[in-house]
Amino acid sequence: MKRNIAVIRGDGIGPEIVNQALRVLDRVARLYGHEFTYTDVDMGGCAIDKWGDPLPEEMLQRCVSSDSVLLGAVGGPRWNEVPGPMRPEKGLLRLRAGMGVYSNNRPAKIWPQLAAASPLKPEIVDKGIDFLIVRELIGGIYFGNHDTVTENGEKVAIDTLRYSESEIRRIGRIGFETARKRRRQLCSVEKSNVLDSSRLWKKIMHELAEEYPDVTLSDMLVDNCAMQIVKDPSQFDVIVTENMFGDILSDEASMITGSIGMIPSSSLGQTTCGLYEPIHGSAPDIAGKDIANPIGTILSAAMMLRYSFDLPKEADAVEAAVSATLDAGWRTADIYDGENGKKTGCAEMGDRILENLG
Ligand code: IPM
Ligand code: MG
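Rules used throughout
Residues numbered from 1 in each chain as written. Chains lettered and ligands numbered in written order. Predicted model: local features only at pLDDT ≥ 70, side-chain atom pairs only at ≥ 80, totals over all residues. Heavy atoms only, no water. Domains from an automatic or database assignment. Contact = heavy atoms within 4.5 Å. Buried area = accessible area lost by both parts, 1.4 Å probe. Salt bridge = Lys/Arg side-chain N within 4 Å of Asp/Glu carboxyl O. Polar contact = N/O pair within 3.5 Å; in protein donor to acceptor, adjacent residues only side chain to side chain. Helix = DSSP H or I, 4+ residues; strand = E, 2+ residues; numbered from the N terminus. Nonpolar A, V, L, I, M, F, W, Y, C, P; charged D, E, K, R; others polar. Pairing = 2+ DSSP bridges. Right-handed = clockwise from strand over helix to strand, strands pointing away. Buried < 20%, exposed > 50% of the residue type's maximum accessible area, 1.4 Å probe, protein only. Axes fitted to C-alpha atoms, helices over the stretch in contact; angles between N-to-C directions. Parallel < 35°, antiparallel > 145°, perpendicular 65-115°, else oblique. Left-handed = near helix turned anticlockwise from the far one by under 90°.

Q: Sorry, what's going on with the domain arrangement of the chain here?
A: Where the parts come together, the accessible area they lose is often given as the size of the interface. Assigned domains within the chain: domain 1 (1-102 + 259-358) and domain 2 (119-256). One C-alpha centre belongs to domain 1, the other to domain 2, and the line joining them spans 24 Å. Counting from both sides, the interface comprises twelve residues of domain 1 and, opposite them, 14 residues of domain 2. Between domain 1 and domain 2 lies a buried interface of about 1,100 Å² when both sides are counted; carbon and sulfur atoms form 67% of it. For domain 1, the biggest contributors to the area lost against domain 2 are Leu93, Arg96 and Tyr102; these three give 54% of the whole. One can count zero salt bridges joining domain 1 with domain 2. Taken together, the links from domain 1 to domain 2 amount to one residue pair in polar contact (both at pLDDT 80 or more). The element best represented in the side of domain 1 that touches domain 2 is helix H4 (residues 88-99), accounting for four residues. In terms of residue class, the side of domain 1 that touches domain 2 is made up of seven nonpolar, three polar and two charged.

This is the structure in structure tokens:
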């Protein structure tokens, strides 16, 4: 199989973690007889510095015309004073919208080797943590109109939250289809006691439920969901929710599994060209020190193999290599408990995973 991958290293720890994922992809290509070529894409703060734009049109085109996109992370304090529309994060939002990847899939699954790294009590962890957040990715308040005006002599900032029926329906379908492939429990998370957009959300989810009688739909208010995720995460199979709620809940969900550094994500739309990125940020405080955890990015590459390239055997092999590396005790700082296991850095973690890949 020949595939061209657009590679966005981005800012902070982005380049370090992406480099490890590329080594893994190269090894997969060699072992299984594929040919992966890479096209570099500048996005985020580095693109602002180089081109004066967090995502120049030409860079977006490279992504859209690739077979899939692998992304590290963008942003950092260096660009904090940049005006809103030109911030590094805006490049990421424009990329997601430009690629039309409305469905973001973020697994929250505890690795048995890391159970002790979870901040939750063992009796809660032992009940099992294995759920998935399906986050709407290109609508809602992150994409509504933003404005800052002056009223009565003071500044007023406005961000609008809008959702159309069709936007809700297409992500709702992904939620139901995803639940169907798992334990058939779908929890729709919203704030329908306050927001109109949430009331519409809930109504559409219940309409869809009639088409999926084999899936059990439940509703949960987002504030309650934040609480339930730490109280009893074993109750969840698939959560489907809007953009901002999904952003917040997926960080919370990652933490209870031990470390945000472990969590990959896939974002897909109508085509097989997807966007694959770890859910953590650019961690500027540890950038360039070779201590970041590359596993979230490596597992994102595995998701690319599985969902965009339809290579489940190869994806399984990468996941098994990560698991074997954890079994052998290798831990980056974020998952090291101070006494058990062997503490290692970003590149060496990559070495160990490659060894286990064969
Ligand atoms: C994420 C990040 C992004 C988001 C930021 C960097 C724009 O927090 O992928 O969760 O809010 O979607
Ligand atoms: Mg986030």
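And the narrative resumes.
Q: What is the right way to read the pairing of strand S2 (residues 35-40) from this model?
A: If a strand is regular, its side chains alternate between the two faces of the sheet. Across six bridges, strand S1 (residues 2-10) lies against S2 in parallel orientation. Note that in S2 the partner of Asn4 across the bridge is Thr37. A crossover links S1 with its parallel partner S2, the connecting element being helix H1 (residues 14-32), and its sense is right-handed.

Q: Sorry if this is basic, but what is going on with the side chain of Asn105 here?
A: Secondary-structure assignment places Asn105 in strand S4 (residues 103-109). Accessibility expressed as a relative area gives 13% for Asn105, which makes it buried. Ignoring any residue separated from it by four or fewer positions in sequence, one finds Asn105 in contact with Leu132, Ile133, Pro264, Ser265, Ser266 and Met303.

Q: Would you mind showing me how to read the packing of helix H3 (residues 57-64) against H4 here?
A: Geometrically, a packed helix pair is captured by the angle between its two axes and the distance between the axes. Direction vectors running N to C along H3 and H4 enclose 45°, while the axes themselves pass 10 Å from each other. Compared by their axis directions, H3 and H4 come out oblique. Two packed elements cross with a definite hand, and for H3 against H4 that hand is right-handed. Where H3 abuts H4, its residues Leu60, Cys63 and Val64 lie against Arg94, Leu95, Gly98 and Met99. Tallied by class, the residues present in the contact of H3 with H4 amount to five nonpolar, one polar and one charged.

Q: So what exactly am I meant to see when it comes to unusual backbone geometry here?
A: For residues besides glycine, phi is generally negative; the peptide bonds are generally trans as well. The phi dihedral of Arg184 falls on the positive side, at around 65°, and the residue is not glycine. Mapped onto the elements, Arg184 comes out in the loop between helix H6 (165-180) and strand S8 (185-190). In this structure, Asp310 takes a positive phi of about 55° despite not being glycine. The exposure class assigned to Asp310 is exposed, which follows from its relative accessible area of 61%.

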